[in-house]
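# Coordinate inspection notes
Okay, here's what each chain looks like letter by letter:
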Amino acid sequence: MARRPVAWAGAVVLWAEAAGIAFLNWFLGLVVDKQKMSLAGLDPHAMTVATWLAGAVLGLYLALCGFLLARTAVLDRAPGGFGHAVLISAAVVHALLGAFAVGLVGWLAFAFTMLVLGLVVLTLMAYDRHEGRALAAAR
């Protein structure tokens with residue numbers, strides 16, 4: 001069955017996305033800092049730090065999702081309750097990002113977010129959480 005390669009592909013794509021998001025926010029923080037940009041009178045340094053923190057948090061979240069998919073592929077079993085909830089939240093985030101990306105960034109960004117959404121949802125659907133219970137009950 002192709003569920004392990006799909007989980008691995010999802011993990012790799014999420015790790016690449018995590019690195020890309022972290023790099024993008026680091027770069028945007030530098031731009032804000034160098035040009036002393038301000039929004040509604042906010043301190044430019046505070047905006048720089050907030051941008052870096054947001055990039056770090058989102059990058060770590062996406063890296064965690066990638067780790068959960070990699071763990072699913074290695075163990076060849078469904079993620080637990082916490083992992084399942086985190087992966088569902090990643091699917092929802094990518095669905096919303098895709099809806100915004102098509103209007104703000106373009107079709108290529110939309111296609112990428114839908115690819116990630118598809119990999120996460122396909123992994124969640126392929127690993128049925130109750131498959132282990134049914135197998136144990138059949139014995």
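As shown above, the structure is provided for reference.
Residues numbered from 1 in each chain as written. Predicted model: local features only at pLDDT ≥ 70, side-chain atom pairs only at ≥ 80, totals over all residues. Heavy atoms only, no water.

### Brief notes about the pattern of salt bridges
Which entries qualify depends on this criterion: For salt bridges, the criterion is a side-chain nitrogen of Lys or Arg within 4 Å of an Asp or Glu carboxyl oxygen. For helices the rule is a DSSP run of H or I covering at least 4 residues; for strands it is a run of E covering at least 2, with both sets numbered from the N terminus onward.
For the coordinates displayed, the defined rule picks out two salt bridges. Asp76 is the partner of Arg4 in a salt bridge, and the nearest nitrogen-oxygen pair spans 3.9 Å. On the criterion of sequence distance, the pair formed by Arg4 in helix H1 (residues 3–35) and Asp76 in the loop between helix H2 (44–75) and helix H3 (81–104) is long-range, its members being 72 residues apart. Here the salt bridges share partners, and the residues they tie into one network are Arg3, Arg4 and Asp76.

### Some details on H3
Each full turn of the α-helix corresponds to 3.6 residues, which orients residues three or four apart in the same direction. Threshold: One less than the residue count of a helix, multiplied by 1.5 Å, gives the span that helix is expected to have. Summary of the burial criterion: residues with accessible area below 20% of their type's maximum are buried, those above 50% are exposed, and those between are partly exposed, where the area comes from a 1.4 Å probe applied to protein chains only. Contacts between residues were defined by any pair of non-hydrogen atoms, one from each residue, lying within 4.5 Å.
In this model, H3 (24 residues) spans 34 Å end to end at C-alpha, consistent with the 34 Å of a helix rising 1.5 Å per residue. Of all the positions in H3, only Gly83, His84, Val86, Leu87, Ala90, Ala91, His94, Gly98 and Ala101 are classed as buried. Each element contacted by the buried residues of H3 is listed here: H1, H2 and helix H4 (107–126). Two residues or fewer past H3, Gly106 is found with a positive phi of approximately 140°.

### A short note on the environment of Asp43
Mapping Asp43 onto the fold places it in the loop between H1 and H2. The partly exposed category is assigned to Asp43, whose relative accessible area is 45%. Expressed as a C-alpha distance, the spacing of Asp43 and Asp33, which sit 10 residues apart in the sequence, is 10.0 Å.

### Some words on the packing of aromatic side chains
The line we're drawing: Working definition: a ring pair exists when centres of Phe, Tyr or Trp rings (six-membered ring for Trp) sit within 6.5 Å. Plane angles under 30 degrees give stacked, over 60 give edge-to-face, the rest tilted.
As enumerated under the stated definition, the model contains two aromatic pairs in all. Relative to Trp26, the ring of Phe23 lies with its centre 5.8 Å away and its plane at 40°, an arrangement referred to as tilted. Separated by three residues within a single helix, Phe23 and Trp26 lie in helix H1, roughly one turn from each other. Measuring from centroid to centroid gives 5.5 Å for Trp107 and Phe110, while their planes differ by 85°, and the two rings are edge-to-face. Here the residue Trp107 and the residue Phe110 both occupy positions in helix H4, the gap between them amounting to three residues, near one helical turn. Judged by its relative accessible area of 62%, Trp107 is exposed. Residue classification places Phe110 among the partly exposed positions, given a relative accessible area of 27%.

### With respect to the nonpolar core
Applicable threshold: Here, nonpolar core refers to any group of buried Ala, Val, Leu, Ile, Met, Phe, Trp, Tyr and Cys residues whose side-chain atoms link them within 4.5 Å.
In terms of nonpolar packing, the biggest core is built from 19 residues, with Leu14, Cys65, Leu69, Leu87, Val116 and Val120 touching the most fellow members. Breaking this core down by element, the ones donating at least two residues are H1, H2, H3 and H4.

### A closer look at the packing of H3 against H4
For any two helices packed against each other, the geometry is given by the interaxial angle and the distance between the axes. Under the convention used in this document: The angle between two axes is taken between their N-to-C directions and runs from 0 to 180 degrees, where each axis is a line fitted to C-alpha atoms and a helix contributes only its stretch in contact. Each angle gets one of four labels, with under 35 degrees taken as roughly parallel, over 145 as roughly antiparallel, 65 to 115 as roughly perpendicular, and the rest as oblique. Take the far helix as your reference; a near helix turned counterclockwise from it by less than a right angle gives a left-handed crossing, and one turned clockwise gives a right-handed crossing. The classification used treats Ala, Val, Leu, Ile, Met, Phe, Trp, Tyr, Cys and Pro as nonpolar, Asp, Glu, Lys and Arg as charged, and all other residues, Gly among them, as polar.
One can describe the packing of H3 onto H4 by two numbers: an axis separation of 8 Å at closest approach and a directional angle of 160°. Here H4 runs roughly antiparallel to H3, going by the angle between their axes. Here the hand of the crossing between H3 and H4 comes out left-handed. On H4, the residues touching His84, Leu87, Ile88, Ala91, His94, Ala95, Leu97, Gly98, Ala101 and Val102 of H3 are Trp107, Ala109, Phe110, Thr113, Met114, Val116, Leu117, Val120, Val121 and Leu124. Classifying every residue of the contact of H3 with H4 gives 16 nonpolar, four polar and no charged.

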